[in-house]
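# Per-entry structural report
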Amino acid sequence: MAAASSANLDLTLDVWRQASPDERGGFQRYEMAGMSPDMSFLELLDQLNDRLEREGKEPIAFDHDCREGICGSCGFLINGHAHGPQSGITSCQLHLRSFRSGDHLVVEPWRSSSLPVIKDLVVDRSAFDRIIQAGGFISANTGSAPDANALPVSRTKAELAMDAAACIGCGACVATCKNASAMLFTAAKASQLALLPQGQPERHQRAVRMVEAMDDAGFGNCTNERECEGNCPKQISFSHIARLNRDYIAGKLRAVT
Amino acid sequence: MRWLFELLSSSIGKKLLMALTGLFLFSFLVVHLYGNLFLFVSEEAFNEHAHSFASNVIIRTIEALLFLAIVAHAFTGLYLARQNRLARPVRYRRHRAAGTRTLASRSMLITGSVVFIFLVIHLRGFFYETRFGSVYGGESLYVLVTETFAIPGYAALYVVAMILLAVHLAHGVQSAFRSLGIESARYTPAIRAVGLFLAVALPAAFASMPIYFVLQSGGVI
Ligand code: FES
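### Let's talk about the interface of chain A and chain B
Taken residue by residue, the interface counts 48 residues in chain A and 37 residues in chain B. Summed over both sides, the interface between chain A and chain B buries roughly 3,700 Å², with carbon and sulfur atoms accounting for 51% of that surface. Linking chain A with chain B are three salt bridges, by the criterion used here. For Arg 101 of chain B, the salt bridge goes to Glu 225 of chain A, with nearest N and O atoms at 3.4 Å.

So, in structure tokens, the structure goes:
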């Protein structure tokens, strides 16, 4: 599957079709012949949808917006890998040259009770919004932009915070985790603030609130297997999870003392 | 008390409990192994050590805590596993690992369950006899242990349980440190290495004892 090819590809797709959240879904097979290797995976779905519409059938619903890996809208499992077999990219950045002619691809939505399927490949990620609403912010009035060096931040910390801030909230971590845990997402969103001076006043309280919102949404529990990190399109480090654990425990202890 | 209840009802709180009880039980293995080494010294030394342990108030207190830890670790583990299953009600048709999962990390529930069953048998065979049974009645613990270890079937059970314990600890020890939030580029590799070494070395040392006595009774050594 890794070998690059320049000739056009014939692909067989097994795509999950589900009309609504309450309806039972199932896989539907589609044959796609003569596809250009320069096409992105979403363009492949566009072509398929064109055909379905011409045939008077319901097109496949899938989320997408920027189509350049920055918005976090797209995402599904392709042959068991979140965002497909390549690491460090989203589904919209995946090109058909990653596959070989004749490949049989299974396309499935994220599966988690907390990110339920709305339709076909589209899942409801509002649980993520609730985690952010619970604490993924700072309450200070930021005013206008401060002088660049008025607030010293070490280079290491700044880099780490930027790495955490790269999270686009796509949900691949939940989808990949065998426990459907949202720890990597929550940890990244807490760390991007916990690492910077502006994030300090609410640091522990934030960790507690975000974890509570995460638990309320019914996500699974992290078992420290790092699968999330391996499938994250932004390669968010697993070490943020240890920071969240630390801040949460400190927050809880602080509440007692 | 409310804060404790709240802590334990959260995901990180339960993992904290798993980590603390797990590390406590793990550290007990060292103490247990130290006592067992007297088996290789002499009957008197072993019985003497066992007796001094059984009559020590501090040890008896820790013993009670150990029982609590076993129960808490087992039940919390089962509860977490159940929650994790419920978090993904519809299974994937195809799901490939990213490559960081290990045999040990995937089989925690199975290895933990088998070790738990082994513990029940083990405690019934030796602990119960020491405190309330034949050894309490005056028999030699050394004789009980060495005769039991000399039974091939029993020795095999011990060896298998120790292998599974090693697999359990291979993931468990380093995972516990992460759950406690202890992680740094500087120390994590060392923690992992020492954890893995002990995870294998301690069960191996325990397993060597039934193997030794089986071979001895068979006249091999
Ligand atoms: S569509 Fe924006 S990340 Fe894929």
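Still more to cover.
### Description of the packing of helix H7 (residues 141-149) of chain B against helix H9 (residues 188-217) of chain B
Residues and elements named next belong to chain B. Remark: H7 packs on H9, axes separated minimally by 7 Å, with the N-to-C direction vectors making an angle of 80°. Classified by the interaxial angle, the pair formed by H7 and H9 is roughly perpendicular. Across the interface between the two elements, Tyr 142, Thr 146 and Phe 149 from H7 touch Met 209, Pro 210, Phe 213 and Val 214 from H9. When grouped by side-chain class, the residues that make up the contact of H7 with H9 number six nonpolar, one polar and no charged.

### Quick look at the confidence of the model for chain B
Residues and elements named next belong to chain B. In this model, chain B carries an average pLDDT of 92, and 100% of its residues clear a pLDDT of 70 or more. The lowest-confidence element of chain B is helix H1 (residues 2-9), averaging 83 in pLDDT; the highest-confidence one is helix H8 (residues 152-179), averaging 96. Confidence metrics for the complex model read pTM 0.93 and ipTM 0.90.

### A few points about the domain arrangement of chain A
All names here are of chain A. If you check the domain split of chain A, you get domain 1 (9-117) and domain 2 (125-255). Measuring from the centre of the C-alpha atoms in domain 1 to the corresponding centre in domain 2 gives 29 Å. In this assembly, 20 residues from domain 1 lie in contact with 20 residues from domain 2. Carbon and sulfur atoms make up 53% of the surface buried where domain 1 meets domain 2, a total of about 1,400 Å² over both sides. Among the residues domain 1 hides against domain 2, the three largest losses belong to Trp 110, Ser 114 and Leu 115. Together they make up 34% of the total. One can count one salt bridge joining domain 1 with domain 2. Measuring nitrogen to oxygen at the nearest pair gives 3.1 Å for the salt bridge that ties Asp 63 to Arg 125. At the junction of domain 1 and domain 2, the tally comes to eight residue pairs in polar contact (both at pLDDT 80 or more).

### Quick word on the packing of aromatic side chains
Summed over all chains, the structure comprises 18 aromatic pairs over all chains. With centroids separated by 6.4 Å and ring planes inclined at 5°, the aromatic side chains of Phe 40 of chain B and Phe 213 of chain B adopt a geometry described as stacked. Here Phe 40 of chain B is found in the loop between helix H2 (11-36) and helix H3 (43-54), whereas its partner Phe 213 of chain B is found in helix H9, with 173 residues between them in sequence. Grouping aromatic residues by their ring pairs yields a cluster made of Phe 40, Phe 118, Phe 126, Phe 149, Tyr 154, Tyr 158, Tyr 212 and Phe 213 of chain B. When the ring centre of Phe 27 of chain A is taken as origin, the NZ or CZ atom of Arg 93 of chain B, which lies over that ring, is 4.7 Å away.

Calculation rules
Residues numbered from 1 in each chain as written. Chains lettered and ligands numbered in written order. Predicted model: local features only at pLDDT ≥ 70, side-chain atom pairs only at ≥ 80, totals over all residues. Heavy atoms only, no water. Contact = heavy atoms within 4.5 Å. Buried area = accessible area lost by both parts, 1.4 Å probe. Salt bridge = Lys/Arg side-chain N within 4 Å of Asp/Glu carboxyl O. Axes fitted to C-alpha atoms, helices over the stretch in contact; angles between N-to-C directions. Helix = DSSP H or I, 4+ residues; strand = E, 2+ residues; numbered from the N terminus. Parallel < 35°, antiparallel > 145°, perpendicular 65-115°, else oblique. Nonpolar A, V, L, I, M, F, W, Y, C, P; charged D, E, K, R; others polar. pLDDT = per-residue confidence, 0-100. Domains from an automatic or database assignment. Polar contact = N/O pair within 3.5 Å; in protein donor to acceptor, adjacent residues only side chain to side chain. Phe/Tyr/Trp six-rings, centres within 6.5 Å; stacked < 30°, edge-to-face > 60°. Lys NZ or Arg CZ within 6 Å of the ring centre and 35° of its normal.

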